[in-house]
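The primary structure of each chain is shown beneath.
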Amino acid sequence: MGENTTINASDEEKIKYMEFLDSRVGKNITIAGIEYKIGAFLDVSGNISDIYLTSNTTKLYIRPSGTGPAIKIYVFGPRETYLTEMKNVAEFMKNLKI
């Protein structure tokens with residue numbers, strides 16, 4: 001199943017959220033008891049454009065909105081858990097001390 005949500009964030013906050021995740025690419029992070037590996041997609045210049053979190057069953061994509069003050073989170077995972085995982089990752093992001 002797939003779904004998306006947004007977190008309100010100014011341009012400055014978007015940069016800080018993405019820098020937090022960028023600095024952890026290749027590492028694992030545990031959110032609400034689920035371990036995710038942090039990965040990234042690069043743009044044509046070799047800069048990180050999107051971050052993804054992968055668990056055993058789910059993949060979440062996190063990227064700054066190009067059109068508004070928001071961070072977008074997309075989730076693809078099992079019907080039983082995808083909405084809860086998306087909510088937990090969004091809450092984790094909102095609660096970061098940036």
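Residues numbered from 1 in each chain as written. Predicted model: local features only at pLDDT ≥ 70, side-chain atom pairs only at ≥ 80, totals over all residues. Heavy atoms only, no water.

*Asks:* Help me understand the overall build of the protein in this model?
*Replies:* Counting secondary structure elements, the protein contains two helices and six strands. In terms of C-alpha radius of gyration, the protein reaches 13 Å, essentially the compact-globule figure of 13 Å for 98 residues. If one aligns the C-alpha atoms of the protein with their principal axes, the spans along those axes are about 35 × 25 × 25 Å. Taken across its 98 residues, the protein has 34% of its residues classed as buried. Partitioning the contacts of the protein with sequence separation of at least 6, the portion at a separation of at least 24 is 46%. When the accessible surface of the protein is summed, it comes to about 5,800 Å², and 48% of that surface belongs to carbon and sulfur atoms. Where the 12 positive side-chain charges of the protein centre and where its 12 negative ones centre are 2 Å apart. (Helix = DSSP H or I, 4+ residues; strand = E, 2+ residues; numbered from the N terminus. Rg over C-alpha atoms; globule rule 2.2 N^0.38 Å. Buried < 20%, exposed > 50% of the residue type's maximum accessible area, 1.4 Å probe, protein only. Contact = heavy atoms within 4.5 Å. Areas by Shrake-Rupley, 256 points an atom, 1.4 Å probe, with all protein chains shown as cover. Lys, Arg positive; Asp, Glu negative; His and termini not counted. Charge placed at Lys NZ, Arg CZ, Asp CG, Glu CD.)

*Asks:* I tried to follow the packing of aromatic side chains on my own but got confused; where do I start?
*Replies:* In this description, an aromatic ring pair is defined by two values, namely the gap between the centres and the angle between the planes. Summed over the entire model, instances satisfying the criterion amount to five aromatic pairs. Ring geometry for F41 and Y52: centres 5.0 Å apart, planes at 45°, overall tilted. Residue F41 is found in strand β3 (residues 34-42), and its partner Y52 is found in strand β4 (residues 48-54); the two are separated by 11 residues along the sequence. Between Y61 and F76, the ring centres sit 6.0 Å apart and the planes meet at 70°, which makes this aromatic pair edge-to-face. One end of the pair, Y61, is in strand β5 (residues 59-64); the other, F76, is in strand β6 (residues 70-76), with 15 residues separating them in the sequence. The exposure class of Y61 is partly exposed, given its relative accessible area of 23%. For F76, a relative accessible area of 46% translates into the label partly exposed. One aromatic cluster is present, formed by F41, Y52, Y61 and F76 through successive ring pairs. In this arrangement the basic side chain of K59 is found over the ring face of Y52, its NZ or CZ atom lying 4.6 Å from the centre. (Phe/Tyr/Trp six-rings, centres within 6.5 Å; stacked < 30°, edge-to-face > 60°. Lys NZ or Arg CZ within 6 Å of the ring centre and 35° of its normal.)

*Asks:* Where do I start with the sheet that holds β3 in this structure?
*Replies:* Each strand in a sheet pairs with its neighbour through backbone hydrogen bonds, running either in the same direction (parallel) or in the opposite one (antiparallel). Taking strand neighbours across the sheet as the criterion, the six strands line up as β1-β6-β5-β4-β3-β2 in an open arrangement whose pairing is antiparallel. Lying at the two open borders of the sheet, with one neighbouring strand each, are β1 (2-8) and β2 (28-31). The mean angle between the axes of side-by-side strands here comes to 25°, regardless of whether they run parallel or antiparallel. For β5 and β6, the ladder comprises six bridges, and the chain directions are antiparallel. Across the sheet, the residue bridging to P64 is I71, located in β6. The strands that helix α2 (residues 82-94) touches are β1, β2, β3, β4, β5 and β6; relative to β1, the one it contacts most, it runs at about 15°. (Pairing = 2+ DSSP bridges. Axes fitted to C-alpha atoms, helices over the stretch in contact; angles between N-to-C directions.)

Take it as geometry only, folks, not as evidence of what the structure does.
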